[in-house]
Amino acid sequence: MFRSKIKWVALGVLILSFLSLLVHMFVANTSVELVQYSVMTRFIEDLNVDVAGKQGVRSQKLWKKIKPLEVLQPYANPRSHYPVPVDPSNGFIYAKIFGEFEKIRSSICDLVAISRLLNATLVIPEIQESTNSKGISSEFKSFSYIYDEEQFITSLKNDVVIVKNLPPKLKEARKRKEFPTFKPKKSASSDYYIRELLPELKKAKVIGLVLMDGGCLQPILSSELVEYQRLRCRVAFHALHFRPEILALAHLMVKRLRASGQPYLAYHPGLVRDSLAYKGCAELFQDVHTELIQYRRAQMIKQKTVHDELTIDSFVRKLNGSCPLMPEEVGLLLRAMGYPPTIRIYLAGSETFGGQRVMIPLRAMYTNLVDRSNLCNKHELNKLLGNEAPLPSNSYNPPPAKTANKLKKDWDQAGPRPRPLPPPPDRPIYQHEKEGWYGWVAERDSEPGPSLTDLRDKAHRLLWDALDYVVSVEADAFFPDFSSLVMGHRLYEMASARTYRPDRRFLANLFNSTGDHLYFPKRSWTLAARKHLNDSLGEEGLKRQFLQSKPISFLSHPIPECSCTISKTSSQNTCPKWMEESLAKSRLQESSMLNESEQPDDDGIDEEQMDSEDESKTENLSPMEEDVEMDPDD
């Protein structure tokens, strides 16, 4: 009996163990994504942060607003005679838009301005990167894949008449290609549209546009067309709202970044293969990545997008300020500014060429570097995609191997000669060997056409760029590199927010001067980098951005056309009284909240005084102490 009881106990233990194993496997399978999210977003808190979530005074200096720019306020409403659209219009304009996220956004803004210029009815443009032919979800059309159609139509009803589709008869005629189609060049003048397109529009009543290179209208227009500049701002900053699912997830990401009351910095590397190939920055990378950039540059030369040689000295281009800063250099600049290693940095950009390898130095310096994959689980990201059609399991069909009879026949017909060893069996070819760059870069001289997977990934990147756009605009500080639209949005909406506008030419020469002592630079180097970045936050950075960015894209620098100033002296660009009164009330509320808090935001010492004190200390140093290198072995 004793032995039988032991057997029953052992059997019960085995059954319970088996059931426990099943329960653990079920829980692990259903909650692995949530567990991953909780682990990845466990930020390392700053030692200067107390229980209430406040930061020390020195840390607050790095997040303060720029006081001289607080007078700039967003104001894109019409300020002169601006009648509603004339009915009936001259005809319909439909457009196909190609390109990446920023090119699509600038093309839509220019398209609305052109429709207003020609007094035409605009059909919702088609974004070719997100059409249903790419295999994306049938729930969304091309425009609604990213933006809210109803918001777009309603907010611009006083500017342009917008419809979702052509009338049925004209739609059938468009399928038969009965209407003229134009492909305007980038930055075409307003005279081109009035002279070339307006007569055709009045004649055919419908014209089509194919927009390839982003902006299709001059960035800087004449003073007579200043209202069209403000129309661009109303489109970009008020009408183009992302669809509600994107906005909800983006605001949730911002909430997670600001948990426990912490600010965060957004950083856009600007490491995109097309821009690197266009600028000629291949030698900044190594191995196959350099070859990939050269492949793309050769394509651009063949398409006459690049009018230059294939091989260019990338280091000369970098010294000229044409190439982006590498993530390691950005980390060293943030260290020079005084940002602690525990600050929260959001990595924007759906594509970071070079992968995680180029981000290793920045992650080593700043451990709280996260992106959308760290802040969101797969379920949250997949909800944006909708129900997509399944991709084919294996799109590559290897050539058929020779049969045994064929091999035997070849062997018998070889003739009398020293018999070699029999051929080895054919190695199986796996799918991953023929997908992506590693499948063709060693076998072909030209890049093959994109597969269905590549096309779908491009459509997904539009969603990831939309998420990054919102998180970057809402950031407490922003360090850009070739991300002009976010800079323009921040300048329009909150000009006093900390947006660094570095001069890449100056910084490239600054890094070149320190040589092999990047991680232990001289004190004079640190002060020079800090002074340059502080100056880039204010008027000096705005002037540089005006000269460099505005001739390329108006939306990167939408002032003074789309802004007004709050000043006691009356000027032509003064904000209206209702805006000044509302801003005064909001400032009174902020000041009352500061008085109620235990620690004020400003203790009377600003960054300029701190930098001047540091400079005075270095001037008083002896020549032996001024530029002493720090020994890493000390």
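Residues numbered from 1 in each chain as written. Predicted model: local features only at pLDDT ≥ 70, side-chain atom pairs only at ≥ 80, totals over all residues. Heavy atoms only, no water.

Caption draft 1: Local environment of the packing of helix α15 (residues 378–385) against helix α17 (residues 452–473). One can describe the packing of α15 onto α17 by two numbers: an axis separation of 10 Å at closest approach and a directional angle of 115 degrees. α17 is crossed by α15, and the crossing has right-handed handedness. From α15, L381, L384 and L385 reach across to α17, where they touch H460, L463, W464 and L467. Partitioned by chemical class, the residues of the contact of α15 with α17 number 6 nonpolar, 1 polar and no charged. (Axes fitted to C-alpha atoms, helices over the stretch in contact; angles between N-to-C directions. Helix = DSSP H or I, 4+ residues; strand = E, 2+ residues; numbered from the N terminus. Left-handed = near helix turned anticlockwise from the far one by under 90°. Contact = heavy atoms within 4.5 Å. Nonpolar A, V, L, I, M, F, W, Y, C, P; charged D, E, K, R; others polar.)

Caption draft 2: Summary view of the pattern of salt bridges. Under the defined criterion, the tally for this structure stands at 20 salt bridges. The residue E149 makes a salt bridge to K164 at a minimum N-O spacing of 4.0 Å. Residue E149 is found in helix α4 (residues 149–155), and its partner K164 is found in the loop between β5 (162–163) and α5 (168–175); the two are separated by 15 residues along the sequence. On the basis of relative accessibility, which here comes to 16%, the residue E149 falls in the buried class. Here R461 and E351 are joined by a salt bridge, their closest N and O atoms 3.7 Å apart. Linking R461 in helix α17 with E351 in the loop between β9 (344–347) and α13 (360–365), this pair joins segments that are 110 residues apart in sequence. For R461, a relative accessible area of 33% puts it in the partly exposed group. Each of the salt bridges in this network shares a partner with another, and the network as a whole consists of E149, E150 and K164. (Salt bridge = Lys/Arg side-chain N within 4 Å of Asp/Glu carboxyl O. Buried < 20%, exposed > 50% of the residue type's maximum accessible area, 1.4 Å probe, protein only.)

Caption draft 3: Local environment of the sheet that holds strand β8 (residues 264–267). Taken in spatial order, the 5 strands of this open sheet run β10-β9-β8-β11-β12, and their pairing is parallel. Edge strands, defined here as strands with exactly one partner in the open sheet, are β10 (369–370) and β12 (498–499). Sheet analysis places β9 next to β10, joined by 2 bridges and oriented parallel. Bridging across to β10, Y346 finds its partner in V370. Across the sheet, helix α8 (residues 244–257) lies against β8, β9 and β10, angled at about 155 degrees from β9, the strand it touches most. (Pairing = 2+ DSSP bridges.)

Caption draft 4: Representation of the pairing of strand β2 (residues 92–97) within the structure. Counting buried positions over the 6 residues of β2 gives 5, a clear majority of the element. Tracing the backbone out of β2, into helix α3 (residues 101–117) and back to the parallel element strand β3 (residues 121–123) gives a crossover that is right-handed. Sheet topology places β2 next to strand β7 (residues 206–211); 6 bridges connect them, and they run parallel. Paired with I97 across the bridge in β7 is L211. (Right-handed = clockwise from strand over helix to strand, strands pointing away.)

Caption draft 5: A nonpolar patch on the surface, seen in detail. Residues W8, L11, I15, L16, F18, L19, L21, L22 and M25 make up a contiguous nonpolar surface patch of about 980 Å² in total accessible area. One can find L22 in helix α1 (residues 2–40). Among the residues examined, L22 registers a relative accessible area of 41% and is labelled partly exposed. (Patch = residues over 30% accessible without salt bridge, like charges linked within 9 Å, V, L, I, M, F, W, Y side chains within 5 Å. Areas by Shrake-Rupley, 256 points an atom, 1.4 Å probe, with all protein chains shown as cover.)

Caption draft 6: Quick look at the confidence of the model for the chain. Residues at a pLDDT of 70 or more form 77% of the chain, whose mean pLDDT is 81. Here helix α24 (residues 623–626) stands out as the least confident element of the chain, with mean pLDDT 37; β8 is the most confident, with 96. Predicted confidence for residues 32–40 stays below pLDDT 50, and this span has 9 contacts to residues more than four positions away or in other chains. Contacts from residues 615–634, a stretch scored under 50 in pLDDT, to residues over four places away or in other chains number 14 contacts. (pLDDT = per-residue confidence, 0-100.)

Caption draft 7: Spotlight on helix α12 (residues 327–337). Burial analysis of α12 places 9 of its 11 residues in the buried class, which makes it a mostly covered element. Residues of α12 that are buried: P327, E329, V330, G331, L332, L333, L334, A336 and M337. Just downstream of α12, G338 is the residue with a positive phi angle, here 105 degrees.

Caption draft 8: Looking closely at the state of the cysteines. This model, assessed by the stated rule, comprises 2 disulfides. The residue that forms a disulfide with C233 is C562, at a sulfur-sulfur distance of 2.0 Å. A torsion of 85 degrees about the S-S bond marks the disulfide between C233 and C562 as right-handed. On the criterion of sequence distance, the pair formed by C233 in helix α7 (residues 226–239) and C562 in the loop between α21 (539–548) and β13 (563–565) is long-range, its members being 329 residues apart. Side by side, C233 and C562 carry an identical accessibility label, which is buried. Between the sulfur atoms of C281 and its disulfide partner C323 the distance amounts to 2.1 Å. Every disulfide takes its handedness from the sign of the S-S torsion; for C281 and C323 that torsion is -100 degrees, giving left-handed. Placement of the pair is C281 in the loop between α9 (273–279) and α10 (287–302) and C323 in the loop between α11 (314–319) and α12, with a sequence separation of 42 residues. Taken as a pair, C281 and C323 share a single burial class, namely buried. (Disulfide = S-S within 2.5 Å.)

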